[in-house]
Amino acid sequence: MIYLLFLIWIAVNSTFAQQYYDPSDCPSDTSYPGSRYTCNSKLQSCKTFLGYRANQQFGVQNLLNISALFQRKSDELLDLNNIASPSEILKPGREVLVPINCLCSGQYFQASLSYIVPERTSFSEIACGVFEGILKSLILLQENPSQENDVEIGVKLHVPLRCACPDNFTCANRVKYLVTYPLLEGDGTTPLSEKFGISHEDLLAANHLEPKSTIFPDTTILVPLKSDPIKNLNIPDSPPPTPGFLPTIAVEKTKNTKLRNLYIAGSIVGIFLVGIALLVCGLYVKVLKKWKGEKLQSFTDRNSILSCSTARSSPPSCQTGRSSPRSGQTDRSSTNSCFSPDLLAGIKFSLYNYGIEDIERATNDFNEDAKIGEQVYKGLIDNADVMIKQMKFEDTRQVTDLHSKINHIDIVNLHGVCYGENDFSWSYLIFELPNNGCLRDCLSNQSNPLHLNPRTQIDFDIATGGHYLHYCIFPSYAHMSVNSRNIFVTSKWRAKLANIGSTLAVSSSRKNDEIVTVNGWVAPEYPVHGSASEKVDIFAFGVVLLELISGREATEGNLFKDSIGFLGGEANEGGCFEQLRSFIDPSLKEDYLLTEALCLAVLAKACIEDDPLRRPSTDDILKVLGRMV
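What counts, and at which threshold
- Residue numbering note: each chain is counted from 1, following its sequence as written.
- For a predicted model such as this one, the threshold for reporting local features is a pLDDT of at least 70, and the threshold for listing and counting side-chain atom pairs is 80 or more; totals across whole chains, interfaces and linings nevertheless cover every residue.
- With hydrogens and water stripped out, all remaining heavy atoms of the structure feed into the side-chain values.
- Every helix listed is a DSSP run of H or I at least four residues long, and every strand listed is a run of E at least two residues long, numbered separately from the N terminus.
- Each accessible area is a Shrake-Rupley estimate made with a 1.4 Å probe; only the visible protein chains count as cover when residues are assessed.
- Throughout, disulfides are identified as pairs of cysteine sulfur atoms within 2.5 Å of each other.
- For every residue, the accessible area (1.4 Å probe, protein chains only) is compared with the maximum for its type, and the residue is labelled buried under 20%, exposed over 50%, or partly exposed between those bounds.
- Any pair of residues with heavy atoms lying within 4.5 Å of one another is described as a contacting pair.
- Strands are labelled as partners when DSSP assigns at least two bridges between them.
- All axes here are fitted lines through C-alpha atoms, helices being fitted over the stretch that makes contact, and every angle between N-to-C directions spans 0 to 180 degrees.
- The length a helix should cover is 1.5 Å for every residue beyond the first.
- For patch detection, residues must exceed 30% relative accessible area and be free of salt bridges, and they are connected within 9 Å for like charges or within 5 Å for nonpolar side chains (Val, Leu, Ile, Met, Phe, Trp, Tyr).
- Any Lys or Arg side-chain nitrogen located within 4 Å of an Asp or Glu carboxyl oxygen qualifies as a salt bridge.
- Any angle from 65 to 115 degrees is called roughly perpendicular, while one under 35 is roughly parallel, one over 145 is roughly antiparallel, and all others are oblique.
- By definition, any crossing whose near helix is turned counterclockwise from its far helix by less than a right angle is left-handed, and any crossing with a clockwise turn is right-handed.
- The classification used treats Ala, Val, Leu, Ile, Met, Phe, Trp, Tyr, Cys and Pro as nonpolar, Asp, Glu, Lys and Arg as charged, and all other residues, Gly among them, as polar.
- Note on aromatic contacts: the rings of Phe and Tyr and the six-membered ring of Trp form a pair at centre separations within 6.5 Å, being stacked when their planes are under 30 degrees apart, edge-to-face when over 60 apart, and tilted otherwise.
- The quantity known as pLDDT measures the predictor's confidence residue by residue, on a range of 0 to 100.

What exactly am I supposed to notice about the overall build of the protein here?
Looking only at helices and strands, one finds 20 helices and 16 strands in the protein. Counting only carbon and sulfur atoms, one obtains 54% of the accessible surface of the protein, whose full area is about 32,800 Å².

Help me out: how do you make sense of the state of the cysteines in this one?
Here a disulfide denotes a covalent bond joining the sulfur atom of one cysteine to the sulfur atom of another. Taken as a whole and assessed by the stated rule, the structure comprises four disulfides. For Cys 26, the disulfide goes to Cys 128, at an S-S distance of 2.0 Å. Taking the sign of the S-S torsion, -90 degrees for the link of Cys 26 and Cys 128, the bridge is left-handed. Here Cys 26, found in the loop between helix H1 (2-15) and strand E1 (45-53), pairs with Cys 128, found in helix H4 (residues 123-130); they are 102 residues apart in sequence, far enough to count as distant. Residue classification places Cys 26 among the buried positions, given a relative accessible area of 1%. A residue is classified by how much of its surface remains accessible, and Cys 128, at 23% relative accessible area, is partly exposed. The residue that forms a disulfide with Cys 39 is Cys 104, at a sulfur-sulfur distance of 2.1 Å.

What is the right way to read the environment of Pro 434 from this model?
Position of Pro 434 relative to the elements: it lies in the loop between strand E14 (426-432) and helix H13 (439-444). Those residues in contact with Pro 434, other than ones at most four positions away along the chain, are Phe 488, Val 489, Thr 490 and Lys 496.

Help me understand the sheet that holds E14 in this model?
Ordered by their spatial adjacency, six strands build an open sheet running E9-E13-E14-E12-E11-E10, and the pairing between neighbours is mixed. Of all the strands in the sheet, the pair left with one neighbour each is strand E9 (352-353) and strand E10 (371-373). Sheet topology note: the strand E12 (residues 384-392)/E14 ladder contains seven bridges and is antiparallel. Bridging across to E14, Met 387 finds its partner in Phe 431. Sitting on the sheet, helix H11 (residues 356-363) is in contact with strand E11 (376-381), E12, strand E13 (414-418) and E14, with an inclination near 100 degrees to E11.

Please explain helix H19 (residues 594-607) as it appears in this structure.
Helical geometry: 3.6 residues make up each α-helical turn, so side chains three or four residues apart lie on a common side. Taking 1.5 Å per residue as the helical rise, H19 with its 14 residues ought to reach 20 Å, and the 20 Å between its terminal C-alpha atoms agrees with that figure. Buried within H19 are the following residues: Leu 594, Glu 596, Ala 597, Leu 600, Ala 601, Leu 603, Ala 604 and Cys 607. Check the buried side of H19 and you find it contacts helix H14 (452-471), helix H16 (534-550), helix H18 (576-583) and helix H20 (618-625).

Would you mind showing me how to read a nonpolar patch on the surface here?
A grouping of Val 269, Phe 272, Leu 273, Ile 276 and Val 280 is seen on the molecular surface, where their side chains present a nonpolar patch of about 490 Å² in accessible area. For Phe 272, a relative accessible area of 57% puts it in the exposed group.

Just checking my understanding: could you explain the packing of H14 against H19 for this structure?
Any two packed helices are characterised by how steeply their axes cross, that is the angle between the axes, and by the distance between the axes. The N-to-C vectors of H14 and H19 enclose an angle of 25 degrees; their axes lie 11 Å apart at closest approach. Looking at the two axes, H14 sits roughly parallel to H19. Between H14 and H19 lies a crossing of left-handed hand. Contacts between H14 and H19 involve Leu 452, Asn 453, Thr 456 and Asp 459 from the first element and Glu 596, Ala 597 and Leu 600 from the second. Here the residues of the contact of H14 with H19 are counted per class, giving three nonpolar, two polar and two charged.

Which parts of the structure should I look at to understand the packing of aromatic side chains?
Aromatic ring pairs are described here by two measures, namely the spacing of the ring centres and the angle between the planes. Taken as a whole and judged by the stated rule, the model has nine aromatic pairs. Within the aromatic cluster, the residues linked to one another by ring pairs are Tyr 52, Phe 70, Tyr 115 and Phe 131.

Sorry, what's going on with the pairing of E13 here?
Along any regular strand the residues' side chains alternate between the sheet's two faces. Most of E13 sits out of view: four of its five residues are buried. Here two bridges tie E9 to E13, and the two strands are oriented parallel to one another. Along E13, the bridge assignment pairs Asn 353 with Val 417. Where E13 meets E14, four bridges bridge the pair, whose relative direction is antiparallel. The residue of E14 that forms the bridge with Val 417 is Leu 429.

What exactly am I supposed to notice about the confidence of the model for the protein here?
Predicted coordinates in areas of low pLDDT are best not read in detail. Summarising the model, the protein shows a mean pLDDT of 78, and 76% of its residues fall at 70 or more. Confidence, read as mean pLDDT per element, is least for H1 in the protein (42) and greatest for strand E16 (residues 495-497) (95). Taken as a whole, residues 295-345 scores under 50 in pLDDT and shows 75 contacts with residues more than four places along the chain or in a different chain. Below pLDDT 50 for its whole length, residues 504-518 participates in 36 contacts with residues either more than four positions away or in separate chains.

Looking at this model, I keep getting lost on the pattern of salt bridges. Mind explaining?
Opposite charge on two side chains allows them to pair when their charged atoms are near. This structure, assessed with the given rule, holds 19 salt bridges. Here Asp 187 and Arg 53 are joined by a salt bridge, their closest N and O atoms 3.6 Å apart. One end of the pair, Asp 187, is in the loop between strand E7 (177-182) and helix H7 (189-196); the other, Arg 53, is in strand E1, and 134 residues separate them in sequence. For Asp 187, a relative accessible area of 11% translates into the label buried. For Arg 53, a relative accessible area of 6% gives the class buried. Two residues, Arg 494 and Asp 461, come together in a salt bridge whose shortest N-O distance is 2.8 Å. Here Asp 461 lies in helix H14 and Arg 494 lies in the loop between strand E15 (487-489) and E16, a separation of 33 residues in the sequence. Classification of Asp 461 by relative accessible area gives buried; the value is 1%. Taken together, the salt bridges that share partners define one network made up of Arg 53, Glu 95, Asp 187 and Lys 195.

Quick question: what am I supposed to make of unusual backbone geometry here?
Working note: non-glycine residues mostly have negative phi, and peptide bonds are mostly trans. Phi is positive for Asn 364, which is not a glycine, with a value near 55 degrees. Along the chain, the position of Asn 364 falls in the loop between H11 and E10. Positive phi is not limited to glycine here, since Asn 383 has a value of about 60 degrees. By the secondary structure assignment, Asn 383 is in the loop between E11 and E12.

Sorry, what's going on with the side chain of Asn 81 here?
Following the sequence through the fold, Asn 81 ends up in helix H3 (residues 74-81). When its relative accessible area of 6% is taken as the criterion, Asn 81 is described as buried. In this structure Asn 81 touches Arg 94, Glu 95, Val 96 and Leu 97, once residues within four positions along its chain are discounted.

Even after reading the chapter, I still don't get the pairing of strand E3 (residues 108-116), so can you show me in this structure?
Taken together, the three bridges between strand E2 (residues 95-105) and E3 define a ladder with antiparallel strand orientation. Residue pairing in the sheet places Ser 105 in a bridge with Tyr 108 of E3. With six bridges connecting them, E3 and strand E6 (residues 156-161) associate as antiparallel partners. What sits directly across from Tyr 115, in E6, is Leu 157.

What follows is the structure, encoded as structure tokens:
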């Protein structure tokens, strides 16, 4: 009976709801009800307001900046926000109400603005940064379909801000305005209703929310007002976002004991159903285990489009076993559990077997013009650019075994292999070849210099690929040859790690018996001890990061390290920022945020610490770069 009454209460409130609340965050590429507010009112236009916060990062620090951004007169904002002067510098995060004209355009309400891009940026940066999530980046992209995601300087964009007008029901409840309010971490419906002096139930009804609904950062909510907006100044503005990598969501508490009892009853029923599911799963696993014991031995290594091989027990070379083409024998695999990580690790992606005639045709009989490196050629197979690497047959197994288990967007894909003509002395590996070539060539191209934003994205892609190798495959692998010539860049300026497995990549938990020579500036412990670990890759990542900042190639480690001595307190009278400017690639021509460049330089400095224990992990690196891309 209680449950039936609860459903009836929800249905009644849903019927009278003004608009839907969209719980997806601003950068989300999916549209939901509430991503734009629908024209469900007889009013085709209305005067309303939206909330905005002073933003130092984007230079919106006073009413003059804010009124210019929203194309209003600054006098309109003075009395409304109790601010003495339009030029008064506001504290970061200071909330401001902006009057707007909301119009029904097609099937959606919106306040249309034009925005001229002052520097190269992205739709997400404009929608979620400059306009603080009052519209989603997906909507901004849809309204400007002729633009790429990287928006150039001087481009004029059409910006449809989210707004809504009261409908007949809200008008009957004497609602005069629906204020579009962007939410930050820590915001809740109860403090928000107290701030604007409205009832909590009215706020929930205007957004189609239930009493226990959770609201999320980087979204918007409608605040229904029955008179001109007056904020309760005794309630502070929303706190700025915490520095944590992942936001925490505040879930509001309720004192409704009837609902609590209902949830307790539902939990008991749920536990009972879970018990039944576990029993069924146990029987299923038992049957599957018996079936697998009979069938697993029938999987052999054969030339087919799909292949599956199982892992050996604790292989000393950290490779997975496969049937030998000469002996026809298959290594034994553990069958303890159908969910065993060893079994999952043994699942491999298929590799295509090319003929030597395919390779000769792609390279024009290994013409010198097709050569792009030592024993490396570029070619065209099936109308796709490929990179063909010649290797000794005995070295090929390690690379193919590793790549056959890898499937990641930030790692160059291995298409297939060719085992030579009449013998097995040489073999050829066929990789994808990203359009823009290696990173070193991109940085050396002064005619088309990379801006700082795509360089930061490349940093993030490299770190993501390294994290995948270190933590997401079994056994884990250290690349041991991360440098700007082993990183390739796609047409959309996304990075891919290459040369995986060509050096002696081994599990992070063991050391090499021999030291492999790695060109360039490497971690100091590697030439001495020959230890292969993720910390060696972290050092190499720091070197690549310095190359991205400066545009220079790290051929002389000591000279390169001395040039960033100012980050360790060794700055001369020129000061830290002046030396940083002199270190940054001159092709950027001041087209960057100095604070962002400093953050990247400090991260690089931490990565190239002599003590491996003081270097960050790839997790730490992703948390820093994830807030910048």
